[in-house]
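Topology and contacts: notes
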Amino acid sequence: MKKIGMSEVRGQGVSGAFVFLLLGVFAVLSTLMVLLSAQLYRVTVDQTRYHNDQRVLGSYLMNVVRGNDAASAVRVAHYDDTDVLCLVSGEGDESYITYVYCWDGTLRELFASAKDAFVPENGERICPAQAFRPEVEGALLTMHCVDGRGRAQALQSALHCAPAEGEVQP
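In what follows, the accompanying structure is described. (Residues numbered from 1 in each chain as written. Predicted model: local features only at pLDDT ≥ 70, side-chain atom pairs only at ≥ 80, totals over all residues. Heavy atoms only, no water.)

Okay, unusual backbone geometry next. The backbone of Asp-81 shows a phi angle near 65°, a positive value even though the residue is not glycine. Mapped onto the elements, Asp-81 comes out in the loop between β1 (74–79) and β2 (82–89). Residues other than glycine seldom take positive phi values, yet Asp-104 does so here, at roughly 55°. Mapping Asp-104 onto the fold places it in the loop between β3 (96–103) and β4 (106–113). (Helix = DSSP H or I, 4+ residues; strand = E, 2+ residues; numbered from the N terminus.)

So this is what it looks like as structure tokens:
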């Protein structure tokens, strides 16, 4: 049998402590990397959601106007302190109105019969928005929007089927 000296025992103790120290440093750095990655992921998701909301706001408004661009179909109205873009479709007793407006922090759309009253709470939520104000001047529709984060933008669309000369819009 071989005898183990004190220097060999101390060497094994130092190497064991060094291994535990390395494992501790590895654990701390791994935890730090996971925390930083999670924060980066949250920021990326938030920015992506914001950019998607911006795209939805602009795309929705332009497409709904283009889809309803008919003679005398695009109107601007004001109901109970709410600016509303009214898109009329159908004729006579079969008339329908698509209302586009901002209510309770979101851009909304309400599709209803022309006979029914405008009830803003019933509109479907499209995307976050703080304000929406449409204006029609001749054949130009301008929609002033403030998105959910307060960024203002103005969208313009040339109406192909502008109102007839002398026609009054509500």
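Read on for the rest.
Attention now goes to the pattern of salt bridges. Inspection of the entire model under this criterion finds two salt bridges. Put simply, Arg-149 and Asp-46 hold a salt bridge, and the shortest N to O gap is 2.8 Å. Pair noted here: Arg-149 is in the loop between β6 (140–147) and β7 (152–158) and Asp-46 is in helix α1 (residues 6–67), with a separation of 103 residues, a long-range link. A relative accessible area of 37% means that Asp-46 is categorised as partly exposed. (Salt bridge = Lys/Arg side-chain N within 4 Å of Asp/Glu carboxyl O. Buried < 20%, exposed > 50% of the residue type's maximum accessible area, 1.4 Å probe, protein only.)

Core analysis: the largest hydrophobic core is formed by 21 residues, its most contacted members being Leu-61, Leu-85, Val-100, Leu-107, Phe-132 and Met-143. Contributing elements (two or more residues each) for this core: α1, β1, β2, β3, β5 (124–137) and β6. If near-sequence neighbours (up to four positions away) are discounted, Leu-85 is found in contact with Val-65, Val-74, Arg-75, Val-76, Thr-98, Tyr-99, Val-100, Phe-132, Pro-134, Leu-141 and Met-143. Within the second largest apolar cluster, nine residues are counted, among which are Ile-97, Tyr-99, Ala-112 and Phe-118. (Core = buried A, V, L, I, M, F, W, Y, C linked by side-chain atoms within 4.5 Å. Contact = heavy atoms within 4.5 Å.)

Turning our eyes to something else, we now look at the sheet that holds β3. One open sheet holds the seven strands; their spatial order is β1-β2-β3-β4-β5-β6-β7, and the pairing between them is antiparallel. Only two strands of the sheet have a single neighbouring strand rather than two, namely β1 and β7. Going from strand to strand, the sheet's axes swing by 35° on average, the running direction of each strand aside. Relative to β2, β1 runs antiparallel, the two sharing six bridges. Looking at the pairing, Tyr-79 lines up with Thr-82 of β2. (Pairing = 2+ DSSP bridges. Axes fitted to C-alpha atoms, helices over the stretch in contact; angles between N-to-C directions.)

Take the packing of aromatic side chains next. Scanning the model with the defined rule gives five aromatic pairs in all. Pairing Tyr-79 with Phe-118 gives two aromatic rings, centres 4.9 Å apart and planes at 35°, and the pair type is tilted. Of the two residues, Tyr-79 sits in strand β1 while Phe-118 sits in the loop between β4 and β5, which places them 39 residues apart along the sequence. What makes Tyr-79 partly exposed here is its relative accessible area of 31%. These aromatic residues form a ring-pair network of at least three members: Tyr-79, Tyr-99, Tyr-101 and Phe-118. (Phe/Tyr/Trp six-rings, centres within 6.5 Å; stacked < 30°, edge-to-face > 60°.)

It is worth spelling out the pairing of β7 at this point. Every other side chain in a regular strand lies on the same face of the sheet, so the side chains alternate between the two faces. Burial of the side chains of β7 is restricted to one face: Gln-153, Leu-155 and Ser-157 are buried, whereas none of Ala-152, Ala-154, Gln-156 and Ala-158 on the reverse face is. Two elements, β6 and β7, share seven bridges in a ladder whose sense is antiparallel. Its bridge partner being in β7, Val-146 is matched across the sheet by Ala-152. Connecting β6 to the antiparallel partner β7 that follows it, the hairpin turn spans four residues, and Gly-150 within it adopts a positive phi of roughly 90°.

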